Amino acid sequence: MGYPIGHFNCKLDAKGRLMLPSEFKEQMGELADEGFVLRPSLFDNSTCLDLFTRKDWDLQQEKLRDTFSIYDEEGIKALRFLNEGVRFVKLDASGRLQIPKDLMERGGLVKEVVVEALANKMEIWDKARYEQSVSTIDKKKILEILSSIN
């Protein structure tokens, strides 16, 4: 199973709990019960947070474990970079996702947030930052990249 389809506008409460829409939870099905892995974005950790299903995170970690030796210093540095700030999070009984305070700060999350489902992960953005980021996308360049895939 992949990630949900869609773009979800959500709100954070004063305690940093993210109420996910029922449509999101329905699409995730049983995967939502297994929990999620949350981390600062690799590209700029002050823009958004990456959200993975536990299953996908475990598969990624397995691939990395098979790629890097514990004696490979540069590989260990890469693993450290990939795993810095990572947290395991679960939905509470009310279907909310508790975002740790330090990750809220790093992602600039205040009240209104966007959960954007991508093909290989989800992202949690502050709504204003998300809108700014999307507005600066060079659509022509993206279409060139996408057309080279076929």
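Procedures and definitions
- Residues take numbers from 1 onward in each chain, read along the sequence in its written order.
- A pLDDT threshold of at least 70 governs which residues receive local features in this predicted model, and a stricter bar of 80 or more applies before side-chain atom pairs are shown or counted, although totals over entire chains, interfaces and linings include all residues.
- Heavy atoms throughout the structure, all of them, feed into the side-chain values; hydrogens and water do not.
- Under the pairing criterion, centres of Phe, Tyr and Trp rings, with the six-membered ring standing for Trp, must be within 6.5 Å; the plane angle then separates stacked pairs below 30 degrees from edge-to-face pairs above 60, leaving the rest tilted.
- In DSSP terms, a helix is any run of H or I states spanning at least four residues, a strand is any run of E spanning at least two, and both are numbered starting from the N terminus.
- Relative accessibility decides the category of a residue: with a 1.4 Å probe and only protein chains considered, values under 20% of the type maximum give buried, values over 50% give exposed, and everything between is partly exposed.
- Contacts described as polar in this section are N or O atom pairs within 3.5 Å, which, within protein, must combine one atom able to donate a hydrogen with one able to accept it, while residues neighboring in sequence count only if both atoms come from side chains.
- Strands qualify as paired when DSSP identifies two bridges or more between them.
- A fitted line through C-alpha atoms serves as each axis, taken over the contacting stretch for helices, and the angle formed by two N-to-C directions is quoted from 0 to 180°.
- Any pair of residues with heavy atoms lying within 4.5 Å of one another is described as a contacting pair.
- The nonpolar core is taken to be a set of buried Ala, Val, Leu, Ile, Met, Phe, Trp, Tyr and Cys residues, with the residues joined through side-chain atoms within 4.5 Å.
- Note on definitions: salt bridges are taken to be side-chain nitrogens of Lys or Arg within 4 Å of carboxyl oxygens of Asp or Glu.

Draft legend 1. Examining the packing of aromatic side chains more closely. One pass over the structure, following the stated rule, counts four aromatic pairs. Judged by centre distance (5.4 Å) and plane angle (90°), the rings of phenylalanine 8 and phenylalanine 24 are edge-to-face. Here phenylalanine 8 is found in strand S1 (residues 7–12), whereas its partner phenylalanine 24 is found in helix H1 (residues 22–28), with 16 residues between them in sequence. Ring plane angle 70° and centroid distance 5.8 Å describe the contact between tryptophan 125 and tyrosine 130, whose orientation is recorded as edge-to-face. Under the relative-accessibility criterion, tryptophan 125 is labelled buried at 9%.

Draft legend 2. Just helix H6 (residues 139–149), in detail. The element H6 is barely covered by neighbouring structure, given that only zero of its eleven residues are classed as buried. For H6, the N-terminal capping position is held by aspartate 138, with its side-chain oxygen 3.2 Å away from the main-chain nitrogen of lysine 140.

Draft legend 3. Representation of the sheet that holds strand S4 (residues 48–53) within the structure. One open sheet accounts for eight strands, arranged S5-S3-S4-S8-S7-S1-S2-S6; its pairing is antiparallel. A single partner strand is all that each edge strand has here, and the edge strands are strand S5 (87–89) and strand S6 (96–98). The sheet shows a mean angle of 30° between the axes of neighbouring strands, direction not considered. Examined bridge by bridge, strand S7 (residues 112–117) and strand S8 (residues 122–126) share five bridges and lie antiparallel to one another. Looking at the pairing, glutamate 116 lines up with glutamate 123 of S8. Against the sheet, helix H2 (residues 54–67) makes contact with strand S3 (36–40), S4 and S5, and its axis sits at roughly 90° relative to S4, the strand it touches most.

Draft legend 4. Geometry of the side chain of lysine 121. Take lysine 121: it is sitting in the loop between S7 and S8. According to the relative accessible area criterion, lysine 121 is buried, its value standing at 10%. Within the structure, the side chain of lysine 121 is placed 2.9 Å from the side chain of aspartate 50, a separation counted as a polar contact.

Draft legend 5. Structural view of the nonpolar core. Core analysis: the biggest nonpolar cluster contains 29 residues, and Leu18, Phe36, Ile99 and Ile124 have the highest contact counts within it. Looking at this core, the elements with two or more residues in it are S1, H1, S3, S4, helix H4 (101–107), S7 and S8. Non-local contacts of leucine 18, meaning those with residues more than four positions away in its chain, are made with Cys10, Lys11, Leu12, Gly95, Arg96, Leu97, Ile99, Val113, Val115 and Ile124.

Draft legend 6. Inspection of the pairing of S8 at higher detail. The buried count for S8 comes to five of five residues, which makes it a mostly enclosed element. Across four bridges, the pairing between S4 and S8 is antiparallel. Residue pairing for S8: cysteine 48 is matched across the bridge by tryptophan 125. Between the end of S7 and the start of S8, which pair antiparallel, lie four residues.

Draft legend 7. Summary view of the pattern of salt bridges. Using the criterion set out here, one finds twelve salt bridges in the structure. A salt bridge links lysine 11 to glutamate 112; the shortest N-O distance between them is 3.8 Å. With lysine 11 in strand S1 and glutamate 112 in strand S7, this pair connects stretches of sequence that are 101 residues apart. Salt-bridge contacts for glutamate 84 lead to arginine 106; the nearest nitrogen and oxygen are separated by 2.9 Å. You can see glutamate 84 sitting in the loop between helix H3 (73–83) and S5 and its partner arginine 106 sitting in helix H4, a full 22 residues away along the chain. Overall, arginine 106 belongs to the partly exposed group, its relative accessible area being 22%. A single network of salt bridges, built from pairs that share partners, joins Arg39, Asp50, Lys121 and Glu123.

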